[in-house]
Structure formats: C-alpha cells, structure tokens
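# Report on the structure
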Amino acid sequence: MVTTVLFLIVIIVLAIEGISVWGNKRKLQVEFDLDTTLVEPGETATLYYSVRNPYRLPLLFVGFTLYLGNDVTVCEDKEYSRVHVSVYDAGTSVKHHFYLPAHSQFSGKLRFSLNGRGMHDLGQYFLETGDFLGLFPIMGNGRIYKRIVCTSQKYGAGELAISGGEMGEVSVRRFIMDDPTMFLGYREYTGREPMKQISWKQTAKAGRLMVRVNDYTSDRVVTILVNMYSSLRPQLENCLKLVRTVCEQLEEAKIPYELMTNGDLLSVHEGMGREHLFYILRRIGISRLAGFTSFGSLIDRCVRRRRSNSRYIVITPAAGPEENALIDYLGSHVDSRPIVMIPNETGEAAQ
C-alpha cells in the first residue's frame with residue numbers, strides 16, 4: 001500500500017515537472033510605459049511595467065529583474081528598497097519574484113529620477129522562469145524600450161531685466177486681444193501656437209487644424225540668439241541652463257519669443273505656451289553641444305531677417321573682441337542694443 005502511494009506521488013510529481021518544463025519554454029509578454037517623456041534633473045518620473053502569461057497553464061516561478069544605469073536613482077520608500085532594490089557600482093537592480101497564473105499578469109511601478117541632462121535609455125530587464133523542481137531554469141532578457149529626455153537645470157541668474165517695462169506691458173496687451181488689422185493669412189497648426197489662434201472655420205474647410213497668422217512687426221517679440229560654436233563645453237552646458245531660465249521667465253511674463261542658434265538646438269519660430277516651451281526644453285535635453293556654423297553667420301542671419309520693435313538676447317559661452325564686435329554689429333542694425341548674457345563657473349550670468 002505504501003509503495004503504491006509513493007509510486008503515485010512520484011508519478012504526480014513527474015507529471016507536474018513535465019508540465020512545468022513545457023510551460024517554462026513559453027515566451028512571456030513584457031510591456032513598459034512612462035508617465036512623462038521630459039523631466040529635469042532630480043524630478044521624479046514613474047516607470048510602469050507588466051509581465052503577462054498568455055497561456056492556459058500557470059508558471060510556478062518567475063523572476064523579473066530591472067537593471068538600471070548609474071544615471072538612474074530609485075525614489076521609492078525604505079521598505080520597498082529593502083525588499084526589492086540593490087545598488088551596485090555598475091548601477092541598480094530591482095527584483096521581483098512571483099507566481100503567475102494562466103491568462104494573468106504581474107504589474108508594478110517604479111519611481112525614479114535622472115541625474116544628468118540627455119536622452120536616457122533606462123536599462124534592460126532579465127526574466128527567469130523555473131520548473132517545479134528547479135532543475136531547468138531558463139533565462140531571457142531585453143531592453144527597457146522606453147526613453148526619457150532630461151533637460152538642463154535652471155540657471156542661478158536671478159530675475160532677468162526682460163520681464164517687465166515697456167516690452168512686458170505691450171506684450172500683455174497683445175496677448176489679451178490681437179489687432180485684426182495685423183492679419184496675414186492661415187497656416188497649419190504646429191502645436192506650439194496659442195489655442196486662441198486656431199481658426200475653426202478654416203479648420204473645417206481644410207480638414208486639419210489651421211491657425212491665423214498675424215504680422216507682429218510692430219509688436220514686442222524677444223529673439224534669443226544662442227552661440228554654440230565653441231569648445232568650452234562647461235560654459236556651453238551653462239548656456240543651455242540659461243536658455244531654459246530665460247524662456248521660462250518670458251513665459252511667466254507672457255512675452256512671445258523665438259530661438260535662433262548656430263548649433264543642434266536648431267531654431268524655433270515665435271510662440272509661447274506649454275507646447276512651445278516643451279519643444280525647446282526637449283531640444284535642450286537632447287543637445288550634444290554641437291555647433292554647426294560660426295557666431296558671425298548667426299548674427300548675419302539675424303540681421304537679414306530683423307524686424308522692428310524686437311528685442312534681442314544674446315547668450316554666448318564667451319565674449320572676446322570678435323564676439324563683442326559682432327554683437328555691436330547686431331546692435332547697429334536693430335532698435336536697441338541686445339542684452340548679452342555670458343555664463344560663468346559660479347552659476348550666475350554676466351549681463
């Protein structure tokens with residue numbers, strides 16, 4: 001009798017082992033999502049992840065591990081970190097072990113922050129599935145296919161001298177009510193124009209969002225010129241911080257602004273609002289500090305397309321005799337002398 005029972009137990013265990021070994025070879029579905037695609041250094045973002053078993057048999061053991069790079073900092077509480085998080089010289093791991101029933105999924109989320117500017121790959125994951133007796137583990141891995149952009153920090157420049165006075169007052173009046181006599185035509189909506197510029201009548205005719213185009217040559221607009229043609233990389237990094245600070249202060253003052261550069265920040269047409277600023281902050285985040293043309297060519301391009309009643313802000317990593325001569329040349333062709341901002345190592349801007 002005892003022999004029969006033991007034999008049945010062995011048969012059952014071997015059957016379960018055979019089923020688990022077969023199930024161990026199945027490919028699980030792993031998905032990721034992010035709550036945002038743009039952050040600043042130290043800002044918390046959330047990574048959502050799930051592991052799904054799409055088959056009819058359960059998996060008795062699944063090990064799921066995220067391996068994150070050194071530029072990623074986990075922002076979970078102490079209890080979560082004690083159970084799931086391990087920190088190494090090469091990065092951070094976040095481990096989960098669970099049983100996965102048939103047609104079910106394991107879901108989790110991880111709060112994290114980034115330590116530096118740039119386009120970030122978050123890392124990779126490893127999956128381990130085991131059979132009933134633990135004799136035939138199978139490993140799998142893949143990339144965390146979501147990317148996130150970290151823009152630059154704000155610059156310690158204090159309140160700039162561009163947020164008030166005549167320029168601010170005129171801009172606010174324009175922001176409240178546009179002059180209909182300044183109307184030029186229509187063009188397709190890019191996502192960076194204020195919503196009030198959308199013409200719903202023209203949108204219905206064209207079948208896509210269209211916005212009104214006005215002639216702002218008699219209105220106050222700020223043009224931000226950024227010189228990126230330099231080998232001074234620390235100063236260029238500070239220039240990006242300064243660009244962000246200037247743009248955000250212009251947003252607060254509701255002054256429309258545009259960006260002109262000679263590097264991989266590219267140029268951004270006049271606008272204001274969340275979408276406009278988002279695009280610029282993203283360009284700051286993915287910039288590799290590459291300069292394409294000289295500072296002189298940037299000044300020439302600005303002079304050729306200058307318009308009246310515009311104010312100019314020049315951000316440059318250095319201002320020697322050559323740069324000063326070019327800035328003087330720009331000042332001689334516009335209504336007022338440009339505001340010149342040069343970052344330094346103390347985190348303040350010289351004007």
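All residue numbers here refer to positions counted from 1 along the written sequence of the relevant chain. Local features in this predicted model are restricted to residues of pLDDT 70 or higher, and side-chain atom pairs are both shown and tallied only at a pLDDT of 80 or more, whereas totals for entire chains, interfaces and linings draw on every residue. Side-chain descriptors were evaluated using all non-hydrogen atoms of the structure, hydrogens and water having been removed beforehand.

Below, the discussion takes up the overall build of the protein. In terms of regular secondary structure, the protein is built from eight helices and 20 strands. For each residue, the accessible area found with a 1.4 Å probe, counting protein chains only, is set against the maximum for its type, and the residue is called buried under 20%, exposed over 50%, and partly exposed in between. In the protein, buried positions account for 44% of the 351 residues. Of all intrachain contacts in the protein linking residues separated by at least 6 positions in sequence, the fraction that spans at least 24 positions is 73%. Computed with the Shrake-Rupley method and a 1.4 Å probe, the accessible areas treat only the protein chains shown as cover for residues. If you sum the accessible surface of the protein, you get close to 18500 Å²; carbon and sulfur atoms cover 55% of it. Put simply, DSSP marks the helices as runs of H or I at least four residues long and the strands as runs of E at least two long, and each gets a number from the N terminus on. Contacts: residue pairs with any heavy atoms within 4.5 Å of one another.

Before going further, it helps to examine the packing of aromatic side chains. Ring geometry is summarised as follows: Phe, Tyr and Trp rings, the Trp one being its six-membered ring, pair when their centres sit within 6.5 Å, and such pairs are stacked at plane angles under 30 degrees, edge-to-face over 60 and tilted between the two. If you walk through the whole model with that rule in mind, you get six aromatic pairs. Between Phe 32 and Tyr 125, the aromatic rings sit 5.7 Å apart at their centres with planes inclined by 45°, giving tilted as the arrangement. Placement of Phe 32 in strand S1 (residues 29-34) and of Tyr 125 in strand S10 (residues 123-129) is noted, with a sequence separation of 93 residues between them. As far as burial versus exposure is concerned, Phe 32 and Tyr 125 are alike and both buried. Relative to Phe 64, the ring of Tyr 49 lies with its centre 5.7 Å away and its plane at 40°, an arrangement referred to as tilted. Here Tyr 49 is found in strand S3 (residues 45-53), whereas its partner Phe 64 is found in strand S4 (residues 59-68), with 15 residues between them in sequence.

Before going further, it helps to examine helix H6 (residues 274-286). In this analysis, the expected span of each helix is defined as 1.5 Å times one less than the number of residues it contains. Taking 1.5 Å of rise per residue, 13 residues should cover 18 Å, and H6 covers 18 Å from first to last C-alpha, within 8% of that figure. Every buried residue of H6 is listed here: His 276, Leu 277, Ile 280, Leu 281, Arg 283, Ile 284 and Gly 285. On the buried face of H6, the contacting elements are strand S2 (38-39), strand S9 (118-121), strand S12 (147-150), helix H5 (233-252), strand S16 (257-261) and strand S17 (268-271).

Turning our eyes to something else, we now look at the pairing of S3. Put simply, side chains in a regular strand alternate between the two faces of the sheet. Buried residues dominate S3, accounting for seven of its nine residues. With six bridges joining them, S1 and S3 adopt antiparallel strand pairing. Considered in S3, the bridge of Leu 34 is made with Leu 47. Sheet topology places S3 next to strand S8 (residues 104-114); nine bridges connect them, and they run antiparallel. Each bridged residue has a counterpart across the sheet, and for Arg 52 the counterpart in S8 is Gln 105. Strand pairing follows a simple DSSP-based rule, namely that at least 2 bridges must link the two strands.

Spatial strand order, S2-S12-S9: three strands in an open sheet with mixed pairing. Of all the strands in the sheet, just S2 and S9 have a single pairing partner and so form its edges. When S9 meets S12, the two strands line up antiparallel, connected through four bridges. Pairing of Asp 121 across the sheet is with Arg 147, part of S12.

Time to look at the environment of His 120. By secondary structure assignment, the location of His 120 is in strand S9. We classify His 120 as buried; its relative accessible area is 6%. Separated by 27 residues in sequence, His 120 and Arg 147 have C-alpha atoms that sit 5.7 Å apart. Not counting chain neighbours up to four residues away, the residues in contact with His 120 comprise Asp 71, Leu 114, Lys 146, Arg 147, Ile 148 and Cys 150.

Pairing geometry for S4 and S10, over seven bridges, is antiparallel. Bridging from a neighbouring strand, Phe 64 pairs with Leu 127 of S10. Bridge analysis of S10 against strand S11 (residues 138-143) gives six bridges, and the strand direction is antiparallel. Counterpart to Glu 128 in the pairing with S11 is Met 139.

On to the sheet that holds S3, then. As summarised here, the arrangement of the four strands in space is S1-S3-S8-S5, forming an open sheet in which the pairing is antiparallel. Edge positions in the sheet fall to S1 and strand S5 (72-74), since each has one partner strand and no second. The average undirected angle you get between the axes of adjacent strands in this sheet is 35°. To obtain each axis, a line is fitted to C-alpha atoms, and for helices this fit is confined to the stretch in contact; angles are then taken between N-to-C directions over 0 to 180 degrees.

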